[in-house]
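Take a look at the letters that make up each chain.
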Amino acid sequence: MIFSERLKKEREKRGWSQTDLAEKIHVSRQSVSKWETGKNYPSIEVIIDLSDLFSITIDEMLRSDDELKEKVIRDSKKLAYPKWKMFFDNVVLIGTILLVVKLIIIGLNHFFDTNIIISEGLPKVLTNFLPLALMVIGSIGSEQLKNKYVD
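### Here's the deal with the pattern of salt bridges
Turning to step 1, where the next piece is worked out: One pass over the structure, following the stated rule, counts eight salt bridges.
Turning to step 2, where the next piece is worked out: Between Glu60 and Arg6 there is a salt bridge, with the nearest N and O atoms lying 3.7 Å from each other. In this pair, Glu60 is assigned in helix H5 (residues 58-63) and Arg6 in helix H1 (residues 3-13), connecting sequence segments 54 residues apart.
Turning to step 3, where the next piece is worked out: We note a salt bridge from Glu10 to Lys13, for which the minimum N-O separation is 3.4 Å. Of the two residues, Glu10 and Lys13 both sit in helix H1, three residues apart, roughly one turn of that helix.

This is how it looks when you write it as structure tokens:
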């Protein structure tokens, strides 16, 4: 049984109108109507509310409708993607800023005979390769996310 049929059956079994159901889950009657006619699907949050309201598992609601199952998967990917994307973009940005600062210091020391020293306490490997490492890690992370989360 597909989701729209299951929703209507569960609602009618309790003697509720579409308006009654809509009020119980805080949506419009039109939304319920669209779900029951298969014109639209609810969000995962609403599916959870419906599952609780009807005392049936989410699995029972989702497994019967492949299109709804795909929508829930797409929605969950869209929710996860921006947070991690921002993190990896920031890692790339930090690496880029560190690299630009290092190049500016090298340029000032070379062309203007300044004697700016990049933190003597840090190992040279760290100051030389950290910016590049951050840029590579951020880029790889961002690419992996794109492959995993973007259709």
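Moving on from the model shown.
### Description of the packing of aromatic side chains
Turning to step 1, where the next piece is worked out: Per the counting criterion, the structure on display carries five aromatic pairs.
Turning to step 2, where the next piece is worked out: These aromatic residues form a ring-pair network of at least three members: Trp84, Phe87 and Phe88.
Turning to step 3, where the next piece is worked out: For Arg14, the ring lying beneath its charged end belongs to Trp16, and the centroid distance is 5.9 Å.
Turning to step 4, where the next piece is worked out: Between Lys24 and the ring centre of Trp16, over which it is positioned, the NZ or CZ distance is 4.7 Å.

### Details of helix H2 (residues 18-25)
Turning to step 1, where the next piece is worked out: Listed in full, the buried residues belonging to H2 are Gln18, Leu21, Ala22 and Ile25. The buried residues of H2 occupy one face: seen down the axis, they fall within an arc of 100°.
Turning to step 2, where the next piece is worked out: Buried positions along H2 lie against H1, helix H3 (29-37) and helix H4 (44-54).
Turning to step 3, where the next piece is worked out: Looking at the residues trailing H2, positive phi occurs at His26, about 60°.

### Points about the nonpolar core
Turning to step 1, where the next piece is worked out: With 18 residues, the main nonpolar core has Phe3, Leu7, Leu21, Trp35, Leu50, Phe54 and Leu68 as its most contacted residues.
Turning to step 2, where the next piece is worked out: For this core, the secondary structure elements donating two or more residues are H1, H2, H3, H4, H5 and helix H6 (66-111).
Turning to step 3, where the next piece is worked out: Here this core gets four residues from one element, more than from any other, and that element is H4.
Turning to step 4, where the next piece is worked out: Setting aside residues up to four positions removed in sequence, Leu68 forms contacts with Phe3, Tyr41, Pro42, Ile47, Met61 and Leu62.

### So, the side chain of Lys102
Turning to step 1, where the next piece is worked out: Relative to the elements of secondary structure, Lys102 occurs in helix H6.
Turning to step 2, where the next piece is worked out: In this structure the side chain of Lys102 is engaged in a polar contact, spanning 2.9 Å, whose partner is the side chain of Asn128.
Turning to step 3, where the next piece is worked out: For Lys102, the contacting residues outside a window of four places in its chain are Ile118, Thr127 and Asn128.

### Regarding the confidence of the model for the protein
Turning to step 1, where the next piece is worked out: Taken residue by residue, the protein gives an average pLDDT of 88. The fraction at 70 or more is 95%.
Turning to step 2, where the next piece is worked out: Per-element confidence in the protein is highest for H2, whose mean pLDDT is 97, and lowest for H5, whose mean pLDDT is 82.

### A closer look at H4
Two residues of an α-helix separated by three or four positions point the same way, owing to the 3.6 residues in each turn.
Turning to step 1, where the next piece is worked out: Restricting attention to buried positions, one finds in H4 the residues Val46, Ile47, Leu50, Ser51 and Phe54. Buried residues of H4 fall within an arc of 145° about the axis and therefore sit on the same side.
Turning to step 2, where the next piece is worked out: Directly after H4, the chain includes Ser55, whose backbone phi takes a positive value near 55°.

How each quantity is defined
- Residues numbered from 1 in each chain as written.
- Predicted model: local features only at pLDDT ≥ 70, side-chain atom pairs only at ≥ 80, totals over all residues.
- Heavy atoms only, no water.
- Salt bridge = Lys/Arg side-chain N within 4 Å of Asp/Glu carboxyl O.
- Helix = DSSP H or I, 4+ residues; strand = E, 2+ residues; numbered from the N terminus.
- Phe/Tyr/Trp six-rings, centres within 6.5 Å; stacked < 30°, edge-to-face > 60°.
- Lys NZ or Arg CZ within 6 Å of the ring centre and 35° of its normal.
- Buried < 20%, exposed > 50% of the residue type's maximum accessible area, 1.4 Å probe, protein only.
- Arc of directions from axis to C-beta.
- Contact = heavy atoms within 4.5 Å.
- Core = buried A, V, L, I, M, F, W, Y, C linked by side-chain atoms within 4.5 Å.
- Polar contact = N/O pair within 3.5 Å; in protein donor to acceptor, adjacent residues only side chain to side chain.
- pLDDT = per-residue confidence, 0-100.

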